[in-house]
Amino acid sequence: MCPPLYYGIEYEINPWMSRSRQSDRELAQEQWRGLYRLLQDLLGIEVHLVEPRRGLPDMVFTANAGLAWENKFIASNFRYEVRKGESPFFENWFQVRGYEIFHLPEAHFFEGEGDLLLCGDHFFAGYHIRSDILSHQKVAEILQREILSLELANEWFYHLDTCFCPLDEGRALFYPPAFDAYALKVLENHVEALIPVEEDEAKQFACNAIAIGKNVIMNSGCPRVRGKLESLGFSVLETPLTEFIKAGGSAKCLVLEVPHGGESGLG
Amino acid sequence: MARSVVQLSGHIVDSLILPKVLDLIVNLGAEFEILDIQIGQRRADRSAARILIEAPSAEILETILAKIKEHGALPLDEEESVQVEPAPQDGVFPEGFYATTNLNTLVRFHNQWLEVQPPEMDCGIRVDPAAMRAETVPIHKVKKGDLIVIGHRGVKILPIERRVPREVFEFMSSPVSSEKPKGLLIQEIAESMKKVRQESGKILVVAGPSLVHTGASEYLVEMIEKGYVQILFAGNGLAVHDIEAALYGTSLGVYLDKKIRSTEGHEHHLWAINQIRKAGGIRQAVEQGLLSRGIFYTCVQKGVEFVLAGSIRDDGPLPDVVTDTLEAQDLMREKIRGVGLVLMMATTLHAIATGNLLPATVKTVCVDINPAVVTKLADRGTFHAMGIVTDVEPFLRELCQYL
């Protein structure tokens, strides 16, 4: 995770962002600490921090840094100039810890875990808004795994992790209007049980949740999704993240899964 | 028609990216052909496909290319562009020039696939960068400085489509034999002729003089009258015999109805030539009322175009005969545009000359009593060719029954 020391709405690169609708710096810090405590203190997850940098307000959204898999780190190629500056700092973090660093060709945009999620056996990757489909091919080569590319069709849900949340091997939350028809078919073909989220809760970032075992951490205010998850035996941990939604991010965007000894740290 | 070939690779099958791209191409108004596809063996393996896109215009093609690029379909590398060199002098190709086949061919030039028009074997390919056009050019027509394709890089030959159900023209293109069931074949040829006419294609007849000797003229006349012949290629001989028969009732002095020799009949042949030369040509002879029956009379009446190509053994010849071989070849080349089916009957040299000019996609029927002629034509790469070894008179008689 990356503390929101320099976090703020300094530019507009998605429909959520508006410089006229600033985030409250203190409230943001308090909300971030709430998430941090849930993970570290309540669930006992080992949380590493990356040092925030002035002028890189979105560094707080570490999910977009790249993809860490086994001992490999595939660095993101951000689509927007304003975020490209984050890359060296993330890369450095992984490099000093002995990861093998991979770079993708400059022309192939890739925004890390924001657009690449594992559900069961399958890697799903979003493209068309932030990441390019051509980056998926390169990532697949590095991982030696199949990647199922999903076209994202709604600007409000610009990353795969804003509209799709793997819960366990065969179940996932998803917001259907965020995908094109082919992507929906691919999801149906490869995920046993898809749990749809309605628009209002999707816009509360219900899909931008962190699933760890039977616990699901998400922004407060998604009672219907909460009910569904609880009926499936999950326990839902709500934590307010309103200040981050102003930048188009929530719980999942604020964390990057770091593999530990070849094992997956998070669920 | 604008064309481009794109490459799509990755996990394109499970991701439904391949069907998506193909749907996009069709929905945006173009057609596609998968040139080749490799499917990954294991789940982690990538698949790859090369797709040819044919769009009605360059603008539509551009739109499609831009759209499908977003889904990972990229035009094939620029390095595949053809190499061109200027012709060093009139009538001479540059060294290493690409020699054409009679199959549909594309060349990649300035990032576009250009269709080489018209398909013709044993020519060079001339590229016009200003008009972004590629055309076949026979060696005698090349001009100094014309840009000619060198080598094979950036040249793509399109295989002939295999249609289902397979047509008579495909399955009978196997070895020529006189022992094939002809009745069925002739019936199918008649069906093909009808289909070509329904689709406003032209039928070209290439015929030799024995068509007249064997008494088959009346059937060809019938076919012309029914609109099954749009163009006729022949030599001086066919026309002279037909006209001799029309004027004197004989062919090389033999009465066609009685099968006996006329006294001094050998003179009829030359008298016929003399008459037409006096009239100024076949058309003039018809207009003057001199020629009032036969194949060429009917051609003139029905507006069927004919090209008579001369040869070294011609008597006369008739004024209509084009005695400059290259000029005749060019004229034939011009007339075969739009031809959908060719009937070659009882002629060796005219049949082969025509076969050389035809795109491989044109259906060709070769009828000859000599199996060697039929085989020779098939061997020259006329793909949709069918050979029938038989005398031309019974063939035409039967064909007319089905038309």
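Source: prediction; values computed, not measured. (Residues numbered from 1 in each chain as written. Chains lettered and ligands numbered in written order. Predicted model: local features only at pLDDT ≥ 70, side-chain atom pairs only at ≥ 80, totals over all residues.)

The next thing to look at is the overall build of chain A. Helix and strand counts for chain A stand at eight helices and 12 strands. Evaluated residue by residue, chain A yields a buried proportion of 48% over its 267 residues. Of all intrachain contacts in chain A linking residues separated by at least 6 positions in sequence, the fraction that spans at least 24 positions is 64%. (Helix = DSSP H or I, 4+ residues; strand = E, 2+ residues; numbered from the N terminus. Buried ≥ 20, exposed ≤ 12 C-beta atoms within 10 Å, placed from the backbone. Contact = placed C-beta atoms within 7 Å.)

A tally of regular secondary structure across chain B gives 14 helices and 20 strands. Here chain B holds 403 residues, and 42% of them are scored as buried. If you take every contact in chain B between residues at least 6 apart in sequence, the share linking residues at least 24 apart comes to 64%.

With that settled, consider the nonpolar core. Within soluble globular proteins, side chains that are nonpolar generally end up buried alongside one another. Residues L150(A), L173(A), A206(A), C207(A) and A209(A) are the most contacted members of the largest nonpolar core, which totals 102 residues. In this structure, A209(A) is in contact with C165(A), L173(A), V216(A), I217(A), M218(A), A251(A) and K252(A), ignoring residues within four places of it in sequence. Counting residues in hydrophobic clusters, the runner-up holds 73 residues, among them L220(B), I273(B), I282(B) and V374(B). (Core = buried A, V, L, I, M, F, W, Y, C linked by C-beta atoms within 7 Å.)

With that settled, consider the interface of chain A and chain B. In this assembly, 15 residues from chain A lie in contact with 14 residues from chain B. Elements that contribute at least two residues to the side of chain A that touches chain B include exactly α4 (133–143), β6 (147–151) and α5 (181–190) of chain A. If one sorts the elements of the side of chain A that touches chain B by residue count, α4(A) sits on top with five residues. In terms of residue class, the side of chain A that touches chain B is made up of seven nonpolar, five polar and three charged. (Nonpolar A, V, L, I, M, F, W, Y, C, P; charged D, E, K, R; others polar.)

Here the focus is the sheet that holds strand β11 (residues 215–219) of chain A. As a general point, the strands of a sheet are linked pairwise by backbone hydrogen bonds and lie either parallel or antiparallel. Residues and elements named next belong to chain A. Strand order in the open sheet formed by three strands is β10-β11-β12, with mixed pairing between adjacent strands. The open sheet has two free edges, formed respectively by β10 (210–212) and β12 (235–239), since each of these has just one partner strand. Strand-to-strand twist across the sheet, computed as the mean angle between neighbouring axes with direction ignored, equals 20°. (Pairing = 2+ DSSP bridges. Axes fitted to C-alpha atoms, helices over the stretch in contact; angles between N-to-C directions.)

With that settled, consider the packing of helix α6 (residues 217–225) of chain B against helix α14 (residues 392–402) of chain B. Residue and element names in this part refer to chain B. One can describe the packing of α6 onto α14 by two numbers: an axis separation of 8 Å at closest approach and a directional angle of 30°. The angle between the axes of α6 and α14 places the two elements in the roughly parallel class. Between α6 and α14 the crossing geometry is left-handed. Along its contact with α6, which presents Y219, L220, E222 and M223, the element α14 presents L396, R397 and C400. Partitioning the contact of α6 with α14 into residue classes produces five nonpolar, no polar and two charged. (Parallel < 35°, antiparallel > 145°, perpendicular 65-115°, else oblique. Left-handed = near helix turned anticlockwise from the far one by under 90°.)

All names here are of chain B. All of the buried residues along helix α10 (residues 295–302) are I295, F296, Y297, T298 and C299. Where α10 is buried, its residues meet α6, β13 (231–235), α7 (236–248), α9 (282–287) and β16 (305–309). Once α10 ends, the next one or two residues include G303, with phi positive near 70°.

With that out of the way, let us pick up the pairing of strand β9 (residues 193–196) of chain A. Residues and elements named next belong to chain A. Where strand β8 (residues 171–174) meets β9, four bridges bridge the pair, whose relative direction is parallel. Looking across to β9, one finds that L173 is bridged to I195. Assessed by its sense of winding, the connection that carries the chain from β8 through α5 to β9 is right-handed. (Right-handed = clockwise from strand over helix to strand, strands pointing away.)

Taken residue by residue, chain A gives an average pLDDT of 94. The fraction at 70 or more is 97%. Throughout residues 261–267 of chain A the model reports pLDDT below 50, and contacts reaching past four residues in sequence, or to other chains, amount to 15 contacts. (pLDDT = per-residue confidence, 0-100.)

Okay, the packing of α6(B) against α10(B) next. For any two helices packed against each other, the geometry comes down to the angle between their axes and how far apart the axes lie. Residue and element names in this part refer to chain B. Following both chains from N to C, one finds α6 and α10 inclined at 5°, their axes separated by 9 Å at the closest point. One way to sum up the angle between α6 and α10 is to call them roughly parallel. In this structure, α6 uses S217, L220, V221, I224 and E225 to contact α10, whose residues at the interface are I295, T298, C299 and K302. Along the lines of polarity and charge, the residues of the contact of α6 with α10 split into five nonpolar, two polar and two charged.

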